[in-house]
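Listed below, chain by chain, are the residues.
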Number of protein chains: 2
Amino acid sequence: MKPLTLGVFEHLNPNGMSGATWRHPDNVATRYLDLDHWTRLARRVEAADLDFLFLADSYGMPIVDGAVPDAAVRSAVHFPSADPFAVVGVCAAATSTLGIVVTSSTVFEEPYANARRYATLDHLTRGRIGWNVVTSASAASAAAMFGRPLTPHDTRYDMAEDYMELSYRLLEGSWEDGAVLADKEAGVYADPARVHDVDHKGPYFSARGVFPVEASPQRVPVLFQAGSSGRGREFAARHAECVFLQGTTVPRVAEAAADIRSRAEAFGRDGDAIRLLVGLTIIVAPTTAEAETRYATFRSFSTDETAAAQFAFNTGIDLLSLDPGAPLPADIDAQQGQSNVDRFRPTDGSPAPTVRAILDELKARGLRGLVLHGTPDVVAQQMQDYAEATGIDGFLLESYLNPGTYDELIDLLLPELRRRGIAPGPHRRQTLRERLGGAGRHLPDSHPAAAHRVGAGR
Amino acid sequence: MKPLTLGVFEHLNPNGMSGATWRHPDNVATRYLDLDHWTRLARRVEAADLDFLFLADSYGMPIVDGAVPDAAVRSAVHFPSADPFAVVGVCAAATSTLGIVVTSSTVFEEPYANARRYATLDHLTRGRIGWNVVTSASAASAAAMFGRPLTPHDTRYDMAEDYMELSYRLLEGSWEDGAVLADKEAGVYADPARVHDVDHKGPYFSARGVFPVEASPQRVPVLFQAGSSGRGREFAARHAECVFLQGTTVPRVAEAAADIRSRAEAFGRDGDAIRLLVGLTIIVAPTTAEAETRYATFRSFSTDETAAAQFAFNTGIDLLSLDPGAPLPADIDAQQGQSNVDRFRPTDGSPAPTVRAILDELKARGLRGLVLHGTPDVVAQQMQDYAEATGIDGFLLESYLNPGTYDELIDLLLPELRRRGIAPGPHRRQTLRERLGGAGRHLPDSHPAAAHRVGAGR
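Overview of the structure. For clarity, every value in this text was computed on a predicted model and none was experimentally measured.

**Topic: the overall build of chain A**
Okay, so step 1: Within chain A, the regular secondary structure consists of 15 helices and 13 strands.
Okay, so step 2: A burial count over chain A gives 62% of its 458 residues as buried.
Okay, so step 3: In chain A, of all internal contacts separated by at least 6 residues, the share reaching a separation of at least 24 is 75%.
Okay, so step 4: Looking at chain A, you have 45 positive and 58 negative side-chain charges, and the mean spots of the two groups are 4 Å apart.

Right, here's the structure in full:
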């Protein structure tokens, strides 16, 4: 088995992915607005040879009946939260080889401003930037803050297609390689013959002019995506280089993995080159008993209210208003994050869980996907088995305690993964795309971005 | 005379404010996309006790007949350029007390996303952030890139008023002071009774919901503005804490300074508390002859083409297409930056300069305002005289060589200003607002933002 791809999943909020683990006495996640908090974490993740730091984001909030529930405010369930872009420069300055992936929405950010921001960051990091492309699943609350109606799910993907095409034109279609001479003697900074106007007239976006940022090391940042619907998978298969899958059961993940790779092949891309990553929470300790105690502590911070707030964040549905003894009503659908609803509607004939059972599962692990706990060798073996059984390439590690989870990961689990030869290798000076197995710094010719490249024949 | 306020004016482009000084053999400004370039500069500016680093920005480009002129590409006149937001985190991480002012447009950035970004940065820097509010004067080329029609000048100011009001609501009207308890024992992160919904329905913008970022040290970043039209001055007088004035003649600047202070008084604000700053280029050397040689070298990189490209950037007018022997035609008006045109249309009865004379002036100093050259004592005396004669509070220093200008500033000029007791004082741990003379971390009650503050009475 080849080494796993391992990234660290973080967000600018005081809490984790579930419950109210900020309450743990040793959790410093509440320092998420301290600059040093990010400097320290980024350095540690780089020193451990992990592939990248992934900064999640959402303009959404848990909303019930048009307001953030008191329980979410009190328990800090996906609220408050802050802008991850602000810490990218901080993490970039603290490291020299670590990949940094940051989230941006095709619904709420202007494509031109967005491309300009990523291109600048790609320069400053020397090609270590990734873009987690989100179509804003948790968009109802965000749309209200942007003063807009909610864009329907499929329209969001149509917009995203147009958005990506414009982004490719800006990042690949304006500056030829070699356009910048910076020749002080001759007085030529850039060769006007190698700098081109972009003219995009799409169904949703248009732009005309020269892209103002000279070509960055990777041009297009490494593209991450996490679509789970049919349209989401289609989008991922066409554009994404790394896909974040929700880690449900082995058969479901194996099916999703094979489906995305085969859809990518249908687009003429190398399906095996796509890095498929599953969200993973680990609780690792020297003994099984200790790991179980830790896991129990972690769960002890969850209540029905925090579980319901988390579900509301992802779906807009208030579980506490439903009959606890019955399954999710057939006539209730998510305004967003439908996959988080579908997950509790089995299609294999098994009985649907009651709302009470759903609350209990959410209390145990929120909407985290895979949760593995035990000794380092047990967890390492389970990771290996899971990757082999599903055909995925690695994991996005979702912490529940900071620095606790990182201590477990770096001090206990990684040495075991190294012994097995499946830990990520040491960092070298290369772009994030190369680090993740890309053949070069730029997207390959089989990627749709390549169609917009200028001057490649020179 | 009280100490001057001194900030450093920088932008993410390889060139300076005029000509093609990137060609100077000692100029490292071409490294503007290197992270270390900004780390080094920010540290140096902080160590010299200057008040802040100001990161200018524009989505505009020099445009003639719908395209960036070849001369601008070749000579790097305001092109290429990159996103200054990307380096704010870098500069923040490199410093601990320096103010960092970054530009953002009320036309092109979403108010909600913008407020979230500044609030996050204000947290990370512990209250060292300023916002240079621009209404996007050089907006024609930018509008094309955003796929929008150009918004007329006065409409832009109407939009900006609405934008500011929404920003104040988000930053002052959602979180009360003391709302965040982060009480791990009691399990209360924030008190829901002290976190409020914002509901804004303006003529241009609307937003409904809770602002997701907890209250930052300054809440509203220190507000900078540079409006020079009547509407621009009105806007500045109502909102700005620091106003960047174009440094033309002493009488013009004195008039503008008095006018802005008196307009501010009419709004019930303390006019004298507004920091009025003039853009200043210095060429300082141990002897007059050396300073003159340096100044000549600096001008030697200017050509008619670079001068015309600079003017096109600010006005959209191509001087090279006009009769060089005649003044600016009466029927030609700027699509933007009208003040840069008006400057060459005297109102005091003196003859209007010819296009040839305008090109020559632009070659000498671009659209820089005040240019002072000479020995440290001469330049210091001129700065002091200028500040006294105009009633301004300080200067924004526009470099022409990096590190050359900073060497002159820090090694030669600042010691002389210190001897005269008019250099900025040593940095202390305080917010940028306090550093600039504010009575506290937050905007005073006389500022329009204060009307939207919640829970101040508790």
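The structure having been displayed, the exposition proceeds.
**Thoughts on the relation of the copies chain A and chain B**
Okay, so step 1: Least-squares fitting of chain A to chain B yields an RMSD of 0.0 Å, with the superposition described by an axial translation of 0.0 Å and a rotation of 180 degrees. The two molecules are tied by a two-fold rotation axis, judged by turn and shift. When C-alpha distances to the rotation axis are compared across chain A, the minimum falls at G89 of chain A, with a value of 2.2 Å.
Okay, so step 2: Here 100% of the interface residues in chain A have copies in chain B that are interface residues too; the copies meet face to matching face.

**What to know about the interface of chain A and chain B**
Okay, so step 1: Every contact between the two is made by 77 residues of chain A and, on the other side, 77 residues of chain B.
Okay, so step 2: Between chain A and chain B, roughly 6,500 Å² of surface is buried when both sides are summed, and carbon and sulfur atoms account for 61% of that area.
Okay, so step 3: Across the chain A-chain B interface, the total number found is ten salt bridges.
Okay, so step 4: Note that E110 of chain B and R148 of chain A form a salt bridge whose closest N and O atoms lie 2.6 Å from each other.

**Topic: the state of the cysteines**
Residues and elements named next belong to chain A.
Okay, so step 1: For the coordinates displayed, the defined rule picks out zero disulfides over all chains.
Okay, so step 2: Between C242, a free cysteine, and C91, which holds the nearest cysteine sulfur, the sulfur-to-sulfur gap is 18 Å.
Okay, so step 3: Take C242: its relative accessible area is 1%, and that puts it in the buried class.

**Side note on the packing of aromatic side chains**
The relation between two aromatic rings is expressed through the spacing of the ring centres and the mutual angle of the planes.
Okay, so step 1: Considering all chains together, one arrives at 44 aromatic pairs over all chains under this definition.
Okay, so step 2: When the ring of F146 of chain A is compared with that of Y112 of chain B, the centres are 5.1 Å apart and the planes differ by 90 degrees; the resulting orientation is edge-to-face. Taken together, the residues span two chains, with F146 of chain A in the loop between α5 (139–145) and α6 (153–172) and Y112 of chain B in helix α4 (residues 111–124).
Okay, so step 3: By relative accessible area, which is 7% here, F146 of chain A ends up buried.
Okay, so step 4: Seen from their ring centres, F9 of chain B and F54 of chain B are 5.3 Å apart, and the 15 degrees between their planes marks the pair as stacked. In this pair, F9 of chain B sits in strand β1 (residues 5–11) while F54 of chain B sits in strand β2 (residues 52–56), placing the two residues 45 residues apart along the sequence.
Okay, so step 5: Grouped by ring-pair contacts, the aromatic residues F9, F52, F54, F224 and F244 of chain A constitute a single cluster.
Okay, so step 6: Taking NZ or CZ as reference, R238 of chain A lies 5.9 Å from the ring centre of F267 of chain A, over its face.
Okay, so step 7: Here the basic side chain of R299 of chain B rests over the ring of Y295 of chain B, its NZ or CZ set 4.1 Å away from the ring centre.

**Section: unusual backbone geometry**
All names here are of chain A.
Okay, so step 1: With an omega of -5 degrees, the peptide bond running from F79 to P80 counts as cis.
Okay, so step 2: With respect to the element layout, P80 can be found in the loop between α2 (70–75) and α3 (85–94).
Okay, so step 3: Between N402 and P403 the backbone carries a cis peptide bond, its omega angle lying at 5 degrees.
Okay, so step 4: Note on placement: P403 falls in the loop between β13 (394–398) and α14 (404–419).
Okay, so step 5: Although it is not a glycine, A76 adopts a positive phi angle of roughly 60 degrees.
Okay, so step 6: As for its position among the elements, A76 is in the loop between α2 and α3.

**As for the pairing of strand β7 (residues 197–201) of chain B**
Okay, so step 1: With burial as the criterion, only one face of β7 of chain B is covered, namely that bearing V198 and H200 of chain B; the residues D197, D199 and K201 of chain B on the opposite face remain uncovered.
Okay, so step 2: Counted between consecutive antiparallel strands, the loop separating β7 of chain B from strand β8 (residues 206–210) of chain B contains four residues.

**Some details on the packing of α3 of chain A against helix α3 (residues 85–94) of chain B**
Okay, so step 1: Orientation of α3 of chain A relative to α3 of chain B, taken along the N-to-C sense of each, is 55 degrees, at an axis distance of 6 Å. As judged from the angle between their axes, α3 of chain A and α3 of chain B are oblique. The element α3 of chain A and its partner α3 of chain B pack so that their crossing is right-handed. Mapping the contact onto sequence places A86, G89, V90 and A93 of chain A in α3 of chain A and A86, G89, V90 and A93 of chain B in α3 of chain B.
Okay, so step 2: A breakdown of the residues in the contact of α3 of chain A with α3 of chain B according to their chemical character gives six nonpolar, two polar and no charged.

**Notes on the pattern of salt bridges**
Okay, so step 1: Under the counting rule described, the total for this entry stands at 62 salt bridges over all chains.
Okay, so step 2: E172 of chain A is the salt-bridge partner of R453 of chain A, the closest N and O atoms lying 2.9 Å from each other. Of this pair, R453 of chain A sits in the segment after α15 (432–435) while E172 of chain A sits in helix α6, and the two are 281 residues apart along the sequence. For the pair R453 of chain A and E172 of chain A, a shared accessibility class is recorded, and that class is buried.
Okay, so step 3: Among the ionic pairs, D259 of chain B bridges to R233 of chain B, the shortest N-O distance being 2.8 Å. With D259 of chain B in helix α8 (residues 250–266) and R233 of chain B in helix α7 (residues 230–239), this residue pair connects regions lying 26 residues apart in the sequence. For the pair shown, D259 of chain B and R233 of chain B are each scored as buried.
Okay, so step 4: Linked by salt bridges that have partners in common, E172, D177, R219, D445 and R453 of chain A make up one network.

Basis of the calculations
Residues numbered from 1 in each chain as written. Chains lettered and ligands numbered in written order. Predicted model: local features only at pLDDT ≥ 70, side-chain atom pairs only at ≥ 80, totals over all residues. Heavy atoms only, no water. Helix = DSSP H or I, 4+ residues; strand = E, 2+ residues; numbered from the N terminus. Buried < 20%, exposed > 50% of the residue type's maximum accessible area, 1.4 Å probe, protein only. Contact = heavy atoms within 4.5 Å. Lys, Arg positive; Asp, Glu negative; His and termini not counted. Charge placed at Lys NZ, Arg CZ, Asp CG, Glu CD. Least-squares fit on C-alpha atoms with pLDDT ≥ 70 in both. Buried area = accessible area lost by both parts, 1.4 Å probe. Salt bridge = Lys/Arg side-chain N within 4 Å of Asp/Glu carboxyl O. Disulfide = S-S within 2.5 Å. Phe/Tyr/Trp six-rings, centres within 6.5 Å; stacked < 30°, edge-to-face > 60°. Lys NZ or Arg CZ within 6 Å of the ring centre and 35° of its normal. Pairing = 2+ DSSP bridges. Axes fitted to C-alpha atoms, helices over the stretch in contact; angles between N-to-C directions. Parallel < 35°, antiparallel > 145°, perpendicular 65-115°, else oblique. Left-handed = near helix turned anticlockwise from the far one by under 90°. Nonpolar A, V, L, I, M, F, W, Y, C, P; charged D, E, K, R; others polar.

Geometry only, nothing functional implied.
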